[in-house]
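# Fold and contact review
Next come the chains, spelled out residue by residue.
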Amino acid sequence: MAPNLIMLGPPGAGKGTQAERFARARGIPRVSTGDILREALHAGTDTGLRVKAVMERGELVGDEVMIGIVRERLDQPDARKGFVLEGFPRTVAQATALDVIVAGRPPLIIVDIVVPESELVRRLSHRLICADCGTTATPGTDAAPVSCTRCGGRLVQRADDTDAVVLERLGVYRRDTKPLVEYYRPRPTFCSIDGAQAPDRVTADIASAVEGAIRRGFRATEGQTR
Ligand SMILES: [Zn+2]
């Protein structure tokens with residue numbers, strides 16, 4: 001059974017890398033709200049321009065816009081067989097909306113990647129992103145990468161990764177997203193992962209945690225129908 005997975009964690013926790021790896025290993029789509037928004041920015045649509053101003057202030061795009069984007073994407077046939085959702089939900093309001101969107105599907109599995117704040121600040125202030133396709137350069141390699149591993153594009157510091165904006169983003173995360181973790185924590189399919197480890201170690205931990213969560217989620221569903 002392909003899982004319906006949510007990847008949670010603060011900016012800089014490695015959600016994007018881990019979501020990509022998990023989705024590829026399972027042959028299911030990675031649904032990144034960041035990618036969807038960046039495509040809108042690139043296309044220069046009205047939504048894209050509004051979103052751009054909000055993101056450059058280090059703020060988050062409103063619930064209604066995000067929920068609409070996610071509902072539309074998860075209703076597509078490829079995502080009906082499982083998905084890895086990244087960058088959503090970010091608030092309890094979004095999480096309750098997501099529960100409605102996926103009603104009747106196998107239980108959501110929640111992976112929460114935990115990293116100390118000091119480590120996040122260190123990672124974020126060094127993060128590079130491709131100017132062409134938006135891929136984040138993988139941190140933790142010896143030599144600083146010079147070009148995008150996906151498209152060969154030029155790497156630049158993210159517009160929203162200056163020190164002041166980094167601290168603002170972590171503050172927004174604490175305020176809005178910590179309650180979200182508490183919302184999901186009581187579920188048998190909630191998994192907490194140590195994200196301060198090397199990326200490969202994190203990948204392995206996620207794979208085994210998800211197997212456990214699938215078994216627990218299946219038993220919980222059985223319990224409800226009996
Ligand atoms: Zn690129």
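Residues numbered from 1 in each chain as written. Predicted model: local features only at pLDDT ≥ 70, side-chain atom pairs only at ≥ 80, totals over all residues. Heavy atoms only, no water.

## Looking at helix α1 (residues 15-26)
Between its first and last C-alpha atoms α1 spans 16 Å; for twelve residues at 1.5 Å apiece the expected length is 16 Å, and the two agree. K15, Q18, A19, F22 and A23 are the residues of α1 that are buried. Along the long axis of α1, the arc covered by the buried residues comes to 130 degrees, so they all point the same way. Of the exposed residues in α1, those oriented more than 90 degrees away from the buried face are R24 and A25. Just downstream of α1 lies G27, where phi reads positive at about 65 degrees. (Helix = DSSP H or I, 4+ residues; strand = E, 2+ residues; numbered from the N terminus. Expected span 1.5 Å × (residues − 1). Buried < 20%, exposed > 50% of the residue type's maximum accessible area, 1.4 Å probe, protein only. Arc of directions from axis to C-beta.)

## Considerations on the nonpolar core
Across soluble globular proteins, you tend to see nonpolar side chains buried next to one another. In this structure, L74, F83, L85, L98, L108 and Y184 are the most contacted members of the largest nonpolar core, which totals 27 residues. Those elements giving two or more residues to this core turn out to be β1 (4-8), α4 (63-74), β3 (83-86), α5 (92-101), β4 (108-114) and α7 (163-184). Ignoring sequence-local partners within four residues, the contact set of L98 consists of I6, V70, L74, L85, F88, P89, L108 and Y184. V202, I206, A209 and V210 belong to the second-largest nonpolar core, a separate cluster that totals 24 residues. (Core = buried A, V, L, I, M, F, W, Y, C linked by side-chain atoms within 4.5 Å. Contact = heavy atoms within 4.5 Å.)

## What about the pairing of β3?
Alternating positions in β3 separate into two faces, F83 and L85 on one and V84 and E86 on the other, with burial throughout. Taken together, the four bridges between β1 and β3 define a ladder with parallel strand orientation. Its bridge partner being in β3, L5 is matched across the sheet by V84. Where strand β2 (residues 30-32) meets β3, three bridges bridge the pair, whose relative direction is parallel. Bridge pairing links S32 to E86 in β3. (Pairing = 2+ DSSP bridges.)

## Observations concerning the confidence of the model for the protein chain
Atomic detail in the predicted coordinates should be set aside for any region of low pLDDT. A residue-level look at the protein chain finds 92% of positions with pLDDT of 70 or above and a mean pLDDT of 86. Mean pLDDT values over the elements of the protein chain span from 79, in helix α3 (residues 46-56), up to 97, in strand β7 (residues 190-194). (pLDDT = per-residue confidence, 0-100.)

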